[in-house]
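The residues making up each chain are set out below.
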Amino acid sequence: MAIVTFTSPMMHKDKAVYAVAGDTKTILALADQYNIPIPFDCRDGNCGSCLIEVSYDDPTQKKGIMLTDKEKSKLKELGKITEEEIENAEVNDMPPRYRLACQFIARDEDVTVAFSGVPGGA
Ligand code: FES
C-alpha cells in the first residue's frame, strides 16, 4: 500500500490517499477518483498536459522506475528529462523529477505529487 500525497496551489490543502498495492492505476486515475484537479487531455502520454513533479517521501523505498517509451519521448520533447536522468532511472532506480500522471503507476512507494494546475506546467 502506497500513500500518494497530492499538493497544488489549486487545492485548499494537501490530500493523501492510498494506492492499493498490485493495482495498476495511474496517478491520473487515482487523482480522478479523489477529485484531484490534475490537468489532462489525451490520457495517453501524447499531450504533456498531465506533467507532475514527483518526490519520494522515503528515498530508500524506491523501486524500479518504469518509464514507457511514450513517456520518455514526451518528457524529452518538453525538456523535462535528460538522457542522463533516463539512464539513472533505468539502470540505478533513481527516479526522474518529472513524470506524466497518465503514465506513472503508483506502486509500493510513498510519493508526493505536485502540480501547478496549468496544463503541462508541472
Ligand atoms: Fe496527455 Fe497525460 S494526459 S500526456
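For the structure itself, look to the data block above.
K.L.:
Looking at this structure, I do not really get the pattern of salt bridges. What am I missing?
P.N.:
Pairs can form between side chains of opposite charge whenever their charged atoms are close. Enumeration over the complete set of coordinates arrives at eight salt bridges. The salt bridge involving D32 is made with R43; its shortest N-O contact spans 2.4 Å. In this pair, D32 is assigned in helix α1 (residues 27–33) and R43 in the loop between α1 and β3 (51–56), connecting sequence segments 11 residues apart. Given the relative accessible area of 32%, D32 is considered partly exposed. Among the ionic contacts, a cluster of salt bridges with common partners joins D69, K72 and E90.

K.L.:
In this structure, what is going on with the side chain of K74? I would like to understand it.
P.N.:
Its place among the elements puts K74 in helix α2 (residues 69–77). Here the side chain of K74 touches E77 through a polar contact of 3.0 Å, side chain to side chain. If we skip the residues at most four places from it in the chain, K74 touches G45, N46, C47, G48 and L100.

K.L.:
Would you take a moment to explain the pairing of strand β1 (residues 2–7) for this structure?
P.N.:
Looking along a regular strand, one sees the side chains alternate between the two faces of the sheet. Pairing of β1 with strand β2 (residues 15–19), which is carried by five bridges, proceeds in the antiparallel orientation. Across the sheet, the residue bridging to F6 is K15, located in β2. With four bridges connecting them, β1 and strand β5 (residues 111–114) associate as parallel partners. When the bridges of β5 are listed, F6 appears paired with V113.

Cut-offs applied
Residues numbered from 1 in each chain as written. Predicted model: local features only at pLDDT ≥ 70, side-chain atom pairs only at ≥ 80, totals over all residues. Heavy atoms only, no water. Salt bridge = Lys/Arg side-chain N within 4 Å of Asp/Glu carboxyl O. Helix = DSSP H or I, 4+ residues; strand = E, 2+ residues; numbered from the N terminus. Buried < 20%, exposed > 50% of the residue type's maximum accessible area, 1.4 Å probe, protein only. Polar contact = N/O pair within 3.5 Å; in protein donor to acceptor, adjacent residues only side chain to side chain. Contact = heavy atoms within 4.5 Å. Pairing = 2+ DSSP bridges.

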